[in-house]
Amino acid sequence: MTRPLITVLGASGFVGSAVLAALAERPVTVRAVARRPATVSRTGRADFETRSADLTVAGNLSAAVAGADAVVHLVLDTVGWRDADPLASARVNVGVMRDLLDCLRSSPRRGRPPVVAFAGSVSQVGPVLKMPIDGTEPDRPQTVYDRQKQSAENLLKQATGAGVVRGLSLRLPTVFGGGGGDRGVLAAMARRALAGEPISMWHDGTVERDLLHVRDVADAFVAALDHGDALTGRHWLLGRGHSKPIGEVFRMIAELASAHTGRPPVPVVSVPPPADAPGTDFAGMSVDASAFRSVTGWRPRLPLDEALMMMTRALAESAR
């Protein structure tokens, strides 16, 4: 039998690298596509091919997804996260999705439309009155980044309704892991703690976040590919199911860094926020992922304390 072909766009990124690792033991062919060469396993069951390509350039995307049975869309420009240069970030965050769907629309194929799994964000929901969120809330995205994610997700849902693809969106919470490309706040503060610098926060530490290790995120994408028919046409929330105050998490990181360095834990301090800090930085987030779990059976495997320890260890080793 012919192996299913799965194209991973953004394969060299933080989440993309973890998805490649999760697919390595599957009897599939994986086409890993990114600007930078992706690192792939040659010892598992999967067959890998790698392609270096700028997916904003005409023609590159068509070749990347040709013949694919499934596409995992992880391409991301984080410039828009802080509302800087929204036109440039939109070319990546929205434009690549539009081009992808145009490619698939203009390339008729026998059999069923390909599955397209997209990485959205739980913050797309915008302000909410109560937690946890479960995906049934009306979306009111507040930042440029969230509006771009929403636009790309809507394009995917429209193409799904037209029968072009079997699309689904996994909305991610705060993702961490400490591996290459982890530019998240937890990794940033762990690097500071390992360097002996204070950990800072823009509030009193009571703001809560739902935190998910990147390996659990990768497992969720693999589960989504396994259940594409049941998930198609909707967005689904990922999360641990309970949130933690950021101040408490930062103090855990300070203790873990201390265990590596042999120095006393660095202080966790509150500092004034910058004038352009978005309101989402001061809003708590807790996610009920039971809808996705009921379909796929997925649940986070790594306890939070173990996941934070793994992140800190990975960052300490990479700094040597």
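Residues numbered from 1 in each chain as written. Predicted model: local features only at pLDDT ≥ 70, side-chain atom pairs only at ≥ 80, totals over all residues. Heavy atoms only, no water.

## As for the packing of aromatic side chains
For step 1, the next point in the chain: A full pass over the atoms with the stated rule returns 1 aromatic pair.
For step 2, the next point in the chain: On the basis of an interplanar angle of 65° and a centroid distance of 5.7 Å, the ring pair of Phe-292 and Trp-298 is categorised as edge-to-face.
For step 3, the next point in the chain: Here Trp-298 falls in the buried class, since its relative accessible area comes to 5%.
For step 4, the next point in the chain: The aromatic ring of Trp-236 is capped on one face by Arg-234, whose charged end is 3.9 Å from the ring centroid. (Phe/Tyr/Trp six-rings, centres within 6.5 Å; stacked < 30°, edge-to-face > 60°. Buried < 20%, exposed > 50% of the residue type's maximum accessible area, 1.4 Å probe, protein only. Lys NZ or Arg CZ within 6 Å of the ring centre and 35° of its normal.)

## A look at the pattern of salt bridges
For step 1, the next point in the chain: What the rule picks out here adds up to 15 salt bridges.
For step 2, the next point in the chain: Close ionic contact of Asp-54 with Arg-35 constitutes a salt bridge, the shortest N to O distance being 3.3 Å. Taken as a pair, Asp-54 in the loop between strand 3 (47-52) and helix 2 (60-65) and Arg-35 in the loop between strand 2 (29-34) and strand 3 lie far apart in primary sequence, 19 residues in all.
For step 3, the next point in the chain: The class for Asp-54 is partly exposed, based on a relative accessible area of 23%.
For step 4, the next point in the chain: A salt bridge links Arg-192 to Glu-197; the shortest N-O distance between them is 3.7 Å.
For step 5, the next point in the chain: In this structure Glu-197 comes out as partly exposed when scored by relative accessible area, which is 37%.
For step 6, the next point in the chain: Several salt bridges converge on common partners, so that one network encompasses Asp-139, Glu-153, Lys-157 and Arg-171. (Salt bridge = Lys/Arg side-chain N within 4 Å of Asp/Glu carboxyl O. Helix = DSSP H or I, 4+ residues; strand = E, 2+ residues; numbered from the N terminus.)

## Considering helix 5 (residues 144-161)
For step 1, the next point in the chain: Between the first and last C-alpha of helix 5 there are 26 Å, a value that for 18 residues agrees with the 26 Å anticipated at 1.5 Å per step.
For step 2, the next point in the chain: On its buried face, helix 5 sits against helix 3 (86-93), helix 4 (95-105), strand 5 (115-121), strand 6 (166-172) and strand 11 (235-237).
For step 3, the next point in the chain: After helix 5 finishes, the residue Gly-163 shows a positive phi value of roughly 80°. (Expected span 1.5 Å × (residues − 1). Contact = heavy atoms within 4.5 Å.)

## Re helix 11 (residues 304-318)
For step 1, the next point in the chain: With 15 residues, helix 11 extends 21 Å from end C-alpha to end C-alpha; this agrees with the ideal 21 Å at 1.5 Å per step.
For step 2, the next point in the chain: Packing partners of the buried residues in helix 11 comprise strand 7 (174-176), helix 6 (185-194), strand 10 (211-213), helix 7 (214-226), strand 12 (244-245) and helix 9 (246-261).

## Focus: the packing of helix 1 (residues 14-23) against helix 7
For step 1, the next point in the chain: It is the contact of helix 1 with helix 7, at a shortest axis distance of 8 Å, that shows an interaxial angle of 60°. If you check the angle between helix 1 and helix 7, you find them oblique. Helix 1 and helix 7 meet at a crossing whose hand is right-handed. Along its contact with helix 1, which presents Phe-14, Val-15, Ala-18, Val-19, Ala-22 and Leu-23, the element helix 7 presents Val-214, Val-217, Ala-218, Asp-219, Phe-221, Val-222 and Leu-225.
For step 2, the next point in the chain: Among the residues making up the contact of helix 1 with helix 7, the classes are represented as 12 nonpolar, no polar and 1 charged. (Axes fitted to C-alpha atoms, helices over the stretch in contact; angles between N-to-C directions. Parallel < 35°, antiparallel > 145°, perpendicular 65-115°, else oblique. Left-handed = near helix turned anticlockwise from the far one by under 90°. Nonpolar A, V, L, I, M, F, W, Y, C, P; charged D, E, K, R; others polar.)

## Focus: the sheet that holds strand 6
For step 1, the next point in the chain: Across the sheet, which stays open at both edges, the 7 strands sit in the order 3-2-1-4-5-6-11 with parallel pairing between neighbours. Edge positions in the sheet fall to strand 3 and strand 11, since each has one partner strand and no second. Along the sheet, successive strands turn relative to each other by an average axial angle of 20°, direction set aside.
For step 2, the next point in the chain: Contacts between helix 7 and the sheet are confined to strand 1 (5-9), strand 4 (70-73), strand 5 and strand 6, with strand 6 contributing the most and set at about 160° to the helix. (Pairing = 2+ DSSP bridges.)

## Some words on the packing of helix 6 against helix 11
For step 1, the next point in the chain: Close contact between helix 6 and helix 11 brings their axes to 10 Å; oriented N to C, the two are set at 55°. With respect to their mutual orientation, helix 6 and helix 11 come out oblique. Like other packed secondary-structure pairs, helix 6 and helix 11 cross with a definite hand, here right-handed. Side by side, helix 6 and helix 11 meet where Leu-186, Ala-187, Ala-190, Arg-191 and Leu-194 of the first sit next to Leu-308, Met-311, Thr-312, Leu-315 and Ala-316 of the second.
For step 2, the next point in the chain: Split into classes, the residues belonging to the contact of helix 6 with helix 11 amount to 8 nonpolar, 1 polar and 1 charged.

## Quick look at the pairing of strand 1
For step 1, the next point in the chain: The buried fraction of strand 1 is high, at 5 of 5 residues.
For step 2, the next point in the chain: Residues Leu-5, Thr-7 and Leu-9 point to one face of strand 1 and Ile-6 and Val-8 to the other, with burial holding for every one of them.
For step 3, the next point in the chain: Of the strand pairs in this sheet, strand 1 and strand 2 are connected by 5 bridges, and their pairing is parallel. Paired with Thr-7 across the two strands is Arg-31, which belongs to strand 2.
For step 4, the next point in the chain: In this fold, strand 1 hands off to helix 1, which returns the chain to strand 2; that crossover is right-handed.
For step 5, the next point in the chain: Here 4 bridges tie strand 1 to strand 4, and the two strands are oriented parallel to one another. (Right-handed = clockwise from strand over helix to strand, strands pointing away.)

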